[in-house]
Amino acid sequence: FKKYESQVKKIHMGIHKKNLPGNDYLGWLDYPIHYNQKELSLMINKAKYIRSNFETLVVCGIGGSYLGALASINALRGIYPNDKLEIIFLGNTFSPTYIAQVLKHLEHKKFAINVISKSGTTTETSISFRLLKQLLIKKVGKKKASKMIFATTDKEKGALKLEATKEGYTTFTLPGDIGGRYSVLSPVGLFPIACAGIDIKKMMLGAKKAMEEFNNPILKSNKCYRYAVVRDYMYRHNKASEMFVTYEPHLKEIAEWLKQLFGESEGKDHKGLLPTSATFSTDLHSLGQYIQEGTPQLFETVLTVEKSHRKVQVPFDEQNTDGLNYLQHRSIHEICHIAQQGTCQAHVDGRVPNLKISIPEINEFYLGELIYFFEYACGLSGYLLDVNPFDQPGVEAYKKNMFALLGKPGYEELGKELREKLK
Ligand code: PA5
């Protein structure tokens, strides 16, 4: 840590003075205190309206335009929420099977759409949105459909913004200075999260607390910077991959969000840790062998939750044929905790360093805090690696090729070239 102190201080100043590469994408930094309160209230009201009037909300977006919402909704509602509003995600795939199944499922549902796209031109999202719109119009007519579509996009530019204005959709704004993967605590994530019946004001309070706590250049007392520094140290000491581990299936999507956050922020100039993930115990019975004895290229970042909201105990069984009575009346939460200790020690003995990020419990406040913690750590991590953590030039490569091969106007030359190569 000592070796990193002055570098961290310098980057901290650079972030806050906004004079580092990518500084025009730092809108998320003080968003927890500068967000538009009127818009937040509108989101809460519209969410209530959706919850009272619809059976299903379809969230149509990809990458940063849905991962954070999915992660937060699963984390806070659980995987089988038994809630009155079903939330479905579309716009993140070209799979005809998945798309057709969702459309079929929606045929007999009263559904609303939240289409989310900063650029308004992402092909996966635009195609799904077109299909959803047509289904909705077929069911209720054009006029009513436009009242059932909620668009989250740029304030003034892009195809979606144009359409939303023309058709009169309720619109929420993703500020121009917040990139997709940093947008979960903006209307991109907050509106679908509110629709899930979650208190988004509390989430913002948690984020605000993190913002105040981590705006501190002193490495010794800044947990967030310490995490970023450990990651950098691992990377520079032959660890190629960070594995995000959780023992809670409803937190699995947090790891998916983290994979995008770190992967897209750091994977540049042929550098960066490969973010991977595992859900234990499930994956102890698949990846466990590799983690323990495979190529020692990993370290694990384990997300643990101290308090569980649910009490489940191992019951007593008179027969005891399974030999489990030695665990009778012990809580599964405690067993899980002990399993974590045992696993951690085994993996450390197997040359897999373990970091632990522990949160007191899963609720809106701590989730908001946790999201901000990771976003802030990711910013510092990127700068320690000497890359711009806020751009994603590499994502464009596949899009260009796809456009060219699909025959999008303007890509004819590249199309010819690619078809030759593909031969
Ligand atoms: O982090 C990012 O910027 C990306 O993952 C985007 O969120 C993703 O590509 C979707 O883009 P858009 O919101 O413009 O449709």
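Heads up: the structure comes first, above all this text.
Criteria and thresholds
Residues numbered from 1 in each chain as written. Predicted model: local features only at pLDDT ≥ 70, side-chain atom pairs only at ≥ 80, totals over all residues. Heavy atoms only, no water. Near = heavy atom within 4 Å. Polar contact = N/O pair within 3.5 Å; in protein donor to acceptor, adjacent residues only side chain to side chain. Areas by Shrake-Rupley, 256 points an atom, 1.4 Å probe, with all protein chains shown as cover. Nonpolar A, V, L, I, M, F, W, Y, C, P; charged D, E, K, R; others polar. Buried < 20%, exposed > 50% of the residue type's maximum accessible area, 1.4 Å probe, protein only. Helix = DSSP H or I, 4+ residues; strand = E, 2+ residues; numbered from the N terminus. Arc of directions from axis to C-beta. Contact = heavy atoms within 4.5 Å. Salt bridge = Lys/Arg side-chain N within 4 Å of Asp/Glu carboxyl O. Lys, Arg positive; Asp, Glu negative; His and termini not counted. Pairing = 2+ DSSP bridges. Axes fitted to C-alpha atoms, helices over the stretch in contact; angles between N-to-C directions. Patch = residues over 30% accessible without salt bridge, like charges linked within 9 Å, V, L, I, M, F, W, Y side chains within 5 Å.

Focus on the site of the ligand
- In the region of the ligand, 13 residues are neighbours, and Ser65, Ser117, Ser119, Thr122 and Gln260 sit closest.
- In this structure, threonine 122 approaches the ligand through a side-chain N or O atom, which is 2.5 Å from an oxygen atom.
- The backbone of arginine 181 places a nitrogen or oxygen atom 2.9 Å from an oxygen atom of the ligand.
- When isolated, the ligand has an accessible area of 380 Å², and the protein chains bury 88% of it.
- Considering only residue class, the shell around the ligand consists of one nonpolar, nine polar and three charged.

Brief notes about helix α8 (residues 159-167)
- Along α8, the residues that are buried comprise Leu160, Lys161 and Ala164. The arc that holds the buried residues of α8, viewed along the axis, is 100°, so those residues lie on one side. Turned more than 90 degrees from where α8 packs its buried face, Leu162 and Lys166 sit exposed.
- Structurally, α8 contributes buried residues whose contacts are with β3 (111-116), α6 (123-140), β4 (149-153) and β5 (170-173).
- The positive-phi residue at the C-terminal boundary of α8 is glycine 168, with phi of around 75°.

Structural notes on the pattern of salt bridges
- Applying the stated criterion across every chain yields a total of 24 salt bridges.
- Glutamate 264 serves as the salt-bridge partner of arginine 181, at 3.0 Å between the closest nitrogen and oxygen. Linking arginine 181 in the loop between β5 and α9 (187-195) with glutamate 264 in helix α12 (residues 252-266), this pair joins segments that are 83 residues apart in sequence.
- Residue classification places arginine 181 among the buried positions, given a relative accessible area of 3%.
- Measuring nitrogen to oxygen at the nearest pair gives 2.9 Å for the salt bridge that ties glutamate 334 to arginine 330.
- The partly exposed category is assigned to glutamate 334, whose relative accessible area is 32%.
- Beyond isolated ion pairs, a larger network of salt bridges with shared partners links Lys209, Glu213, Lys223 and Glu369.

Points about the side chain of glutamate 364
- Summarising the element assignment, glutamate 364 is placed in helix α15 (residues 364-384).
- Summary of buried charges: glutamate 364 has no salt-bridge partner, and the nearest side chain of opposite charge, lysine 202, is 5.1 Å away.

A closer look at the sheet that holds strand β8 (residues 298-305)
- Pairing in this open sheet of four strands is parallel, and the strands run β7-β6-β8-β9 from one edge to the other. One side of each edge strand has no neighbouring strand; the edge strands of this open sheet are β7 (274-279) and β9 (354-359). Sheet twist, expressed as the average angle between the axes of neighbouring strands with direction ignored, equals 20°.
- Examined bridge by bridge, strand β6 (residues 241-246) and β7 share six bridges and lie parallel to one another. Bridge assignment links threonine 246 to a residue of β7, and that residue is threonine 279.
- Contacting β6, β7 and β8, α12 crosses the sheet at an angle of about 175° to β7.

Observations concerning helix α5 (residues 96-106)
- Of the positions making up α5, those classed as buried are Ile99, Val102, Leu103 and Leu106. Across the axial projection of α5, the buried residues extend over an arc of 95°, all falling on one side. Opposite its buried face, α5 presents the exposed residues Thr97, Gln101 and Lys104, each directed more than 90 degrees away.
- On the buried face of α5, the contacting elements are β1 (56-60), β2 (86-90), β3 and α6.

Description of a nonpolar patch on the surface
- A surface patch of nonpolar side chains, amounting to about 240 Å² of accessible area, comprises Phe94, Ile127 and Leu131.
- Counting through the fold element by element, phenylalanine 94 comes out in the loop between β2 and α5.

Examining the sheet that holds β4
- One open sheet accounts for five strands, arranged β2-β1-β3-β4-β5; its pairing is parallel. Only two strands of the sheet have a single neighbouring strand rather than two, namely β2 and β5. If you compare each strand with its neighbour and ignore which way they point, the axes differ by 20° on average.
- Bridging between β3 and β4 involves four bridges; their strand directions are parallel. Across the sheet, the residue bridging to isoleucine 113 is isoleucine 149, located in β4.
- Docked against the sheet, α5 engages β1, β2 and β3, running at close to 150° with respect to β2.
- The sheet contacts of α6 involve β1, β2, β3 and β4, and relative to β3 the element is tilted by about 155°.

So far we have only geometry, and geometry alone does not tell us how the molecule works.
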